[in-house]
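# A look at the structure
Each chain is listed here by its residues.
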Amino acid sequence: MAREAIYQQSNPDPGGDPPEDGPPSEKGVADGGEEPDRGPDPDVTLRPQRMAEMVGQQDVIERLRIAIDAAQVRGEPLGHILFDGPPGLGKTTFATVIPSEMKTTVQMANGAGLKAPRDLLPYLTNVSRGSVLFIDEIHRVPRAIEEYLYTAMEDFRIDIVLGEGVNARTLNLSLEPFTLIGATTRAGMLTAPLRDRFQIREHLGWYTRKELAEIVLRNSKKLNIDVDPTSAGVIADRSRSTPRLANNRLLWVRDYAQSKTKGNVEASVCEAALDMIGIDHLGLDKQDRNYLDTLMRVFLGGPAGLDAIAHTMNVSSDTLEDEVEPFLLRSELLVRTRRGRLATPKAFEHMKRPMPDRPL
Ligand SMILES: Nc1ncnc2c1ncn2[C@@H]1O[C@H](COP(=O)(O)OP(=O)(O)OP(=O)(O)O)[C@@H](O)[C@H]1O
Ligand SMILES: [Mg+2]
């Protein structure tokens, strides 16, 4: 997400790494999720606190409500849940609203921060009956730790070997029954044994224009700015079907309006604000357009190899493949063929360039 430079840097995901050496964070959310020590981070202000405040993902919400109701009726912890999907679609949000619906506490961990089995211990020994342990980026949990999660999840028990050689001893710990919520952008990287230990698996998909506009309207109220539905539509159109980007765009529009138009936000102001940071009406940014421009100008629209395009643009092919191409492919501006990358007629139209004569 490095490309989303404008507000991304100032809005670190609060579901990120736990402190390296400190104790795991624990947050009581039974009271509705007061977050006194997090400061005025707009990402936190805008993040829904309850399931009812969430927009879209209604099928996911309906299934989760059933699971939560049933667990509460039985007086048992909720089954383990895995969320997967692209960045910014609500995985961390779900992981924070679920404990608040269950009126329980949540500990936040990050797969990248768990390096050795002992790193898991403070989290597991801290779980209370029915509480939630959230592991973000769970695909980054090393294999050696993953094996401890198997028994923790299935039997609420861990057998951990401490020390080495003759001094090695096994510690058998029984745990309070808890709920593990895992989040990943790379479900395919999870091993089958880990994946199968989640009773509930939910994939989060892209948001519609209507849903994004609704998010923008709701959040404009939280930010005390007056945004009309047409302006919300402009922001939604340029947000790549992603709530986090809709929020970031809205925050930029707010700054722009406060500085340039005395706080007046209307559709033309939204357009000017987003044009200024290079985001066009399809949601493409400068690098996306640069990619299409190179493909059309230098390679006549392709087919061209990824490496060739990357060399010409002087960026790494990984960056193009991971950060630029997915949205262009999804927007049907680009296709990947066996012979290389090919710009579509829609891309030529968008870039206002004539289509070359070529066999498609
Ligand atoms: N369903 C929703 N309704 C309203 N706002 C949402 C919804 N989903 C996400 N958001 C907003 O988008 C922001 C980003 O969502 P979130 O942090 O949950 O994404 P994520 O899937 O965890 O992303 P990542 O993979 O980068 O960690 C949230 O702060 C929240 O304000
Ligand atoms: Mg997250």
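Scroll up to find the structure this text is about.
What counts, and at which threshold
Residues numbered from 1 in each chain as written. Chains lettered and ligands numbered in written order. Predicted model: local features only at pLDDT ≥ 70, side-chain atom pairs only at ≥ 80, totals over all residues. Helix = DSSP H or I, 4+ residues; strand = E, 2+ residues; numbered from the N terminus. Buried ≥ 20, exposed ≤ 12 C-beta atoms within 10 Å, placed from the backbone. Contact = placed C-beta atoms within 7 Å. Near = placed C-beta within 6 Å. Domains from an automatic or database assignment. Expected span 1.5 Å × (residues − 1). Axes fitted to C-alpha atoms, helices over the stretch in contact; angles between N-to-C directions. Parallel < 35°, antiparallel > 145°, perpendicular 65-115°, else oblique. Nonpolar A, V, L, I, M, F, W, Y, C, P; charged D, E, K, R; others polar.

### What about the overall build of the protein?
Secondary structure assignment for the protein yields 15 helices and 10 strands. Within the protein, the fraction of its 360 residues that count as buried is 34%. Counting only contacts in the protein whose residues sit at least 6 apart along the sequence, the fraction spanning at least 24 positions is 70%.

### Focus: the environment of R238
With respect to the helices and strands, the residue R238 is situated in the loop between α9 (229–237) and α10 (243–260). Along the sequence, R238 and L212 sit 26 residues apart, while their C-alpha atoms lie 9.9 Å from each other.

### Concerning the site of ligand 1
Surveying the vicinity of ligand 1 reveals 23 residues, the closest of which are P87, G90, K91, T92 and T93. Sorting the residues of the shell around ligand 1 by element identifies α2 (42–46), α4 (91–101) and α10 as the ones contributing at least two each. There are two domains that each give the shell around ligand 1 at least three residues, and those are domain 1 (5–203) and domain 2 (209–276).

### Topic: α10
Each full turn of the α-helix corresponds to 3.6 residues, which orients residues three or four apart in the same direction. Its 18 residues give α10 an end-to-end C-alpha distance of 25 Å, which sits within 8% of 26 Å, the value for a rise of 1.5 Å per residue. The complete set of buried residues in α10 reads P243, R244, L245, A246, N247, N248, R249, L250, L251, V253, R254 and A257. One or two residues past the end of α10 sits K262, with phi positive at roughly 55°.

### Quick notes on the environment of E321
Relative to the helices and strands, E321 resides in helix α14 (residues 317–330). According to the C-beta neighbour criterion, E321 is partly exposed, with 14 such atoms within 10 Å. Between the alpha carbons of E321 and A310 there is a distance of 9.5 Å; along the sequence they are 11 residues apart.

### A look at the packing of α10 against helix α11 (residues 267–276)
Any two packed helices are characterised by how steeply their axes cross, that is the angle between the axes, and by the distance between the axes. Contact geometry for α10 and α11: axes closest at 9 Å, N-to-C directions at 105°. Considering their axes alone, α10 and α11 lie roughly perpendicular with respect to each other. Touching R249, W252, V253, Y256 and A257 of α10 are V269, C270, A273, L274 and M276, all from α11. Among the residues making up the contact of α10 with α11, the classes are represented as nine nonpolar, no polar and one charged.

Purely geometric stuff here, so don't read any function into it on its own.
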